[in-house]
Amino acid sequence: MSTDTSYLADNWARIRQRVDAACRAAGRDPAEVGILPVSKTFDAEVIRAAVALGLHRFGENRVQEIRDKSPALAGCGIDWVVIGHLQTNKARDVARLASEVQSLDRLELAEALDRRLQHEGRQLDVLIQVKTSPEPSKYGLAPAQLPDFLNQLRSFARLRVRGLMTLAIQSSDPAEVRACFRALRRLREQAVSQGHDLPTLSMGMSGDFALAIAEGASEVRIGTAIFGRRPGAPA
Ligand SMILES: *Cc1c(COP(=O)(O)O)cnc(C)c1O
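Report on the accompanying structure. Treat the numbers as computed from the prediction; the structure is a model and nothing was measured.

### A short note on the overall build of the chain
Part 1: Helix and strand counts for the chain come out as nine helices and eight strands.
Part 2: Considering only C-alpha atoms, the chain reaches an extent of 50 × 45 × 30 Å along its principal axes.
Part 3: Sorting the 235 residues of the chain into buried and exposed places 49% on the buried side.
Part 4: Look at the contacts in the chain between residues 6 or more apart in sequence, and 59% of them connect residues 24 or more apart.
Part 5: When the accessible surface of the chain is totalled, it reaches about 11200 Å², and 47% of it is carbon and sulfur.
Part 6: Taking the average place of the 32 positive charges on the side chains of the chain and the average place of its 28 negative ones, the gap between the two points comes to 1 Å.

Structure, rendered in structure tokens:
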């Protein structure tokens, strides 16, 4: 039995249009904002259909899912992007399988990744996940620690630091959500003024990408609006 994946082309076209519209509303060039499709919980068959639409980078929040899906998708030329909290003991799998990690939030993890990457003879693009929301459930580096962390990361030759990532507060008040995105933008501005090169701001998801784009997102991470509702996700 094969799954009907014809909805993907429509969803992809529609979200690109909505992102473009959000860019124009914010006075930005749509070419400045990329979409990272988030395929977590969707199986290899669905991802293969997305590859057929020309998508080749996919965000996953669990390394185990990348391990499970990647054999069936070998040869598709997929770049796997880790966007979820990462335990240090997963560094080996990440070094073998991922092309990018957006959830780097501590020195111990940077050390483990660099060591494993050296072993694999590979490099990895990384974003630093910063905690901009007060919710205890959210991971990320404390904003005040960012300057020191950026300096410490200079000694890891295998990690290419590309920018910052955050998850905004879950709130029905757009001002609260937007404040999280604004905080990340300001942290990037500060870091750039201190000589760091951080082109990527990964922020915004299906429900809040327009606010993130208004605050300068260069990449939005979109799951539901492309792949549909995940099993168990709130309606
Ligand atoms: C699941 C997830 C997304 C995508 O969320 P949607 O609301 O489905 O678009 C984005 N970022 C992270 C870190 C996620 O875990």
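### Brief notes about the pairing of strand β5 (residues 124-129)
Part 1: For β5, the tally of buried residues reaches six of six residues, placing the bulk of the element in the interior.
Part 2: With helix α5 (residues 107-120) bridging strand β4 (residues 98-104) and its parallel neighbour β5, the resulting β-α-β unit is right-handed.
Part 3: In terms of strand pairing, β5 meets strand β6 (residues 159-165) through six bridges, oriented parallel. Within the sheet, the bridge partner assigned to glutamine 129 lies in β6 and is methionine 165.
Part 4: Remark: the β5/helix α6 (residues 146-153)/β6 crossover connection has right-handed handedness.

### Considering unusual backbone geometry
Part 1: Located in the positive-phi region is threonine 41, a residue other than glycine, with phi close to 75°.
Part 2: If you trace the backbone, threonine 41 turns up in the loop between β1 (34-37) and α2 (44-52).
Part 3: On the basis of relative accessible area, threonine 41 is assigned to the partly exposed category, the value being 41%.

### Quick look at the pattern of salt bridges
Side chains bearing opposite charge may pair, as long as their charged atoms lie close to each other.
Part 1: Tallied over the entire structure, the rule returns 18 salt bridges.
Part 2: Glutamate 100 is the salt-bridge partner of arginine 57, the closest N and O atoms lying 3.0 Å from each other. Remark: glutamate 100 occurs in strand β4 and arginine 57 occurs in strand β2 (residues 57-60); sequence separation between them is 43 residues.
Part 3: Between glutamate 65 and arginine 62 there is a salt bridge, and its shortest N-O distance comes to 3.7 Å.
Part 4: Owing to a relative accessible area of 11%, glutamate 65 belongs among the buried residues under this scheme.
Part 5: Each of Arg178, Arg182, Arg185, Glu189 and Glu215 takes part in salt bridges that share partners, so that together they form one network.

### Describing the site of the ligand
Part 1: Around the ligand, a shell composed of Val38, Lys40, Ile83, Leu167, Met205, Ser206, Arg221, Ile222, Gly223, Thr224 and Arg230 is seen.
Part 2: The separation between an oxygen atom of the ligand and a polar side-chain atom of arginine 230 is 2.8 Å.
Part 3: Contact with the protein chains hides 90% of the accessible area of the ligand, taken as 390 Å² for the molecule alone.
Part 4: Across the shell around the ligand, the residue classes tally to five nonpolar, three polar and three charged.

### Digging into the pairing of β2
Part 1: With four bridges connecting them, β2 and strand β3 (residues 79-82) associate as parallel partners. Among the inter-strand pairings, arginine 57 is bridged to a residue of β3, identified as aspartate 79.
Part 2: As for the winding sense of the linkage, the β-α-β connection from β2 through helix α3 (residues 63-69) to β3 is right-handed.

### Description of the environment of lysine 90
Part 1: Within the secondary structure, lysine 90 is located in the loop between β3 and α4 (91-97).
Part 2: For the pair lysine 90 and glutamate 120, spaced 30 residues apart in sequence, the C-alpha separation works out to 14 Å.

### Here we look at the packing of aromatic side chains
Part 1: One pass over the structure, following the stated rule, counts two aromatic pairs.
Part 2: Ring geometry for phenylalanine 42 and phenylalanine 227: centres 5.4 Å apart, planes at 25°, overall stacked. Of this pair, phenylalanine 42 sits in the loop between β1 and α2 while phenylalanine 227 sits in helix α9 (residues 224-227), and the two are 185 residues apart along the sequence. By the burial criterion, phenylalanine 42 is buried, and phenylalanine 227 matches it.
Part 3: Geometrically, the ring pair formed by phenylalanine 58 and tryptophan 80 is tilted, given 6.4 Å between the ring centres and 45° between the ring planes.

### Describing α6
Part 1: Listing the buried residues of α6 in full gives Leu146, Phe149, Leu150 and Leu153. Viewed along the axis of α6, the buried residues span an arc of 100°, placing them on a single side of the element.
Part 2: Packing partners of the buried residues in α6 comprise β4, α5, β5, β6 and α7 (174-193).

Cut-offs and rules
- Residues numbered from 1 in each chain as written.
- Predicted model: local features only at pLDDT ≥ 70, side-chain atom pairs only at ≥ 80, totals over all residues.
- Heavy atoms only, no water.
- Helix = DSSP H or I, 4+ residues; strand = E, 2+ residues; numbered from the N terminus.
- Buried < 20%, exposed > 50% of the residue type's maximum accessible area, 1.4 Å probe, protein only.
- Contact = heavy atoms within 4.5 Å.
- Areas by Shrake-Rupley, 256 points an atom, 1.4 Å probe, with all protein chains shown as cover.
- Lys, Arg positive; Asp, Glu negative; His and termini not counted.
- Charge placed at Lys NZ, Arg CZ, Asp CG, Glu CD.
- Right-handed = clockwise from strand over helix to strand, strands pointing away.
- Pairing = 2+ DSSP bridges.
- Salt bridge = Lys/Arg side-chain N within 4 Å of Asp/Glu carboxyl O.
- Near = heavy atom within 4 Å.
- Polar contact = N/O pair within 3.5 Å; in protein donor to acceptor, adjacent residues only side chain to side chain.
- Nonpolar A, V, L, I, M, F, W, Y, C, P; charged D, E, K, R; others polar.
- Phe/Tyr/Trp six-rings, centres within 6.5 Å; stacked < 30°, edge-to-face > 60°.
- Arc of directions from axis to C-beta.

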